[in-house]
Amino acid sequence: MWILILIINVAGFLNIAEGIGPSGNCTLLPKGERSFPQNFSFGVSTSAYQIEGSWNADGKGPSIWDEFCHNHPDNILDRTNGDIAANSYRRFDLDLEALRDLKVNHYRFSISWTRIYPSGDISSKNQKGIDYYNNVINQLIANGIQPMVTMFHYDLPIELQKLGGLTNELFIDQFVTYADELFKNFGDRVKTWITFNEPVRFCKPGYGTGRDPPQIKASGIGDYLCIANILKSHAAAYHLYRSKYFDEQHGKVGISLDTSYFFSKSNDNELVYRSLQYNLGILAHPIYSKSGGFPEVMVKEIERNSLQEGRLKSRLPSLEGKWKDLIRGSGDFLALNHYTSKYVERSPQPLGDNPSMQRDYDTIETVDENWLQAHSYWLNCVPEGMEMLLNFIRDEYNNIEVIITENGWSDSGEIEDNNRIVYLKSYIQAVLNAINDGCNVTAYSVWSFIDNFEWIQGYTDKFGLYSVNMISPERQRSPKKSARFYRQIIETRKIPNV
Ligand code: NOJ
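Everything quoted here is computed from the prediction, not taken from an experiment.

Enquirer: So what's going on with unusual backbone geometry? Which residues, and what values?
Expert: Here the amide bond leading from Pro213 into Pro214 is cis, since omega sits at 5°, within 30 degrees of zero. Here the bond from Trp447 into Ser448 is cis, since omega is 10°, no more than 30 degrees from zero. With phi around 55°, His250 is a residue other than glycine that occupies positive phi space. Here His250 lies in the loop between helix H10 (222–249) and strand E5 (252–258). In this model, Asn399 sits at a positive phi of 50°, which is unusual for a non-glycine residue.

Enquirer: Account for the pattern of salt bridges, with residues named and values stated.
Expert: For the coordinates displayed, the defined rule picks out 34 salt bridges. A salt bridge links Asp95 to Arg477, with the nearest nitrogen and oxygen atoms 2.9 Å apart. Highlighted residues: Asp95 in helix H4 (residues 92–102) and Arg477 in strand E13 (residues 477–479), separated in sequence by 382 residues. The same class applies to Asp95 as to Arg477, namely buried. Taking the shortest distance from any N to any O, the salt bridge between Glu406 and Arg108 comes out at 3.0 Å. A residue pair is termed long-range when its members are at least 10 positions apart, and Glu406 in strand E10 (residues 402–406) and Arg108 in strand E2 (residues 106–110) qualify at 298 residues. Of the residues examined, Glu406 reaches a relative accessible area of 4% and is grouped as buried. By relative accessible area, Arg108 is classed as buried at 0%. It is possible to trace a salt-bridge network through shared partners that takes in Glu309, Arg311, Arg315, Arg359 and Asp360.

Enquirer: Let's hear about the sheet that holds E10: which residues, and what values?
Expert: Within the closed barrel, the eight strands sit side by side as E1-E2-E3-E4-E5-E7-E10-E11. Their pairing is parallel. This sheet shows a mean twist of 25° between the axes of neighbouring strands, independent of strand direction. Sheet contacts for helix H17 (residues 481–492): strand E1 (41–45) and strand E11 (441–447); angle to E1, the most-contacted strand, approximately 155°.

Enquirer: Provide a residue-level description of the site of the ligand, including the pertinent values.
Expert: The local shell around the ligand holds 13 residues, among which Gln50, Asn197, Glu406, Glu454 and Trp455 are the closest. A distance of 2.8 Å separates an oxygen atom of the ligand from a polar atom in the side chain of Asn197. Here an oxygen atom of the ligand and a side-chain polar atom of Trp455 are 2.8 Å apart. A total of 300 Å² of accessible area belongs to the ligand in isolation, and the protein chains cover 94% of it. Applying the majority rule of atoms within 2 Å of the grid points places the ligand in the largest pocket. Of the residues that constitute the shell around the ligand, the class distribution is six nonpolar, four polar and three charged.

Enquirer: Outline the state of the cysteines, supporting the account with residue identities and numerical values.
Expert: Per the counting criterion, the structure on display carries two disulfides. For Cys26, the disulfide goes to Cys381, at an S-S distance of 2.0 Å. Disulfide Cys26 to Cys381: torsion about the S-S bond roughly 75°, handedness right-handed. Taken together, the residues Cys26 in the loop between helix H1 (2–11) and E1 and Cys381 in the loop between strand E9 (363–366) and helix H15 (383–396) connect sequence positions 355 residues apart. Take Cys26: its relative accessible area is 4%, and that puts it in the buried class.

Quick notes on the rules
- Residues numbered from 1 in each chain as written.
- Predicted model: local features only at pLDDT ≥ 70, side-chain atom pairs only at ≥ 80, totals over all residues.
- Heavy atoms only, no water.
- Helix = DSSP H or I, 4+ residues; strand = E, 2+ residues; numbered from the N terminus.
- Salt bridge = Lys/Arg side-chain N within 4 Å of Asp/Glu carboxyl O.
- Buried < 20%, exposed > 50% of the residue type's maximum accessible area, 1.4 Å probe, protein only.
- Pairing = 2+ DSSP bridges.
- Axes fitted to C-alpha atoms, helices over the stretch in contact; angles between N-to-C directions.
- Contact = heavy atoms within 4.5 Å.
- Near = heavy atom within 4 Å.
- Polar contact = N/O pair within 3.5 Å; in protein donor to acceptor, adjacent residues only side chain to side chain.
- Areas by Shrake-Rupley, 256 points an atom, 1.4 Å probe, with all protein chains shown as cover.
- 1 Å grid on protein atoms, 1.4 Å probe; cavity = no way out; pocket = protein on both sides within 12 Å on 5 of 7 lines; lining within 4 Å.
- Sits in = over half its atoms within 2 Å of the grid points.
- Nonpolar A, V, L, I, M, F, W, Y, C, P; charged D, E, K, R; others polar.
- Disulfide = S-S within 2.5 Å.

So far we have only geometry, and geometry alone does not tell us how the molecule works.
Here you go:
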């Protein structure tokens, strides 16, 4: 009996709580306390390329997304780009007005690397870029809004890609130098730093399938290498902050990781656990687990697949030795981007011979057709997943502080955005329930503050609480119904009955 418990424990899937399954109706009943703690922080989220526009203003250099959209417009659903976007670079005054109107506690935005270093390298330092973010940060603070800054949200300097980008270990030094610049210039006022946004969403299409820039097709190899280099760069920046800046600045550093939650119709908890490891654990385990390194299940399975392919070693880079120790513990909080859930099943037969992350994962994901569907094909409303995921993180990563850096709903831009309200209501309830379950969640951010450029979907999927008049050069912002709803939550710290 004890041996059996031990085996199950080693397998780890005991951290999959027996809990709520998806009801399918996009609502969640409250349990416990009805109010959020007073110091809980509510905010909204954006990223530089998606909102700033002014793609070559004031010395800014090109990023891989500038190049991709300009040279391959066919790859963007509506053939648009981020050249002007919501023009936040010129009209931050409009953003500030809306942020004040919304009464947010924090604003999460990202810094464009090529505004600070147009070529990616320190030798090209651009004071005008630094001035722009100084102004943004100062105005936020003057209005009682805490800045939460992402250092890298997909917009890699093109010149660094020419050196191999995220597949060259040189990237680590370049990133740390850039991070040093940000800590030095802004760290007296910015107290919450996020090194990278959604590494898997960047590495897999960027260096695996080649769908997104920089369009490197090296499935099952380039994507894992990119992830390993992100882990190393993150850890190096984290330790730089601790050794050089923390004593004076007292801020914290984390990384934004994304995952769906997974349900199994056959109560296969081991499979749910494995799916969470492949999607979240691939970055969270090396940083936040006690033992560090990639999840054991991935190490074993990817090595097995690699040997079967005739290789001499695993396609998954090794994190043993110095790097494993540097990465383990290199996060003061886990920043979570979570939107939706899937059902998972084991795939009946292996997916072909070609190496890929998909083949290593080897799992079928489906959704229930009754789940409320957003405009984005991948997004359904399954609030139970948010509560289950937060419980999983509590148990798996020693109740690390969680800052939810993204959660939101897409539609086609209606001002009476009732489905967004239904979604936000249920997901915010899930967060409150998780807090009542003892999860250490301290902040929540809606993606997104304003409608913006949704990568290869162009401007077709709208996530904003505010719509942006994309026809007028003024790019006026107007609150949708959901902005009013969210403001009420922020003001009352309670979820209204609507
Ligand atoms: C993930 C990304 O961080 C963000 O850039 C994107 O727009 C949203 N989630 C919605 O897909």
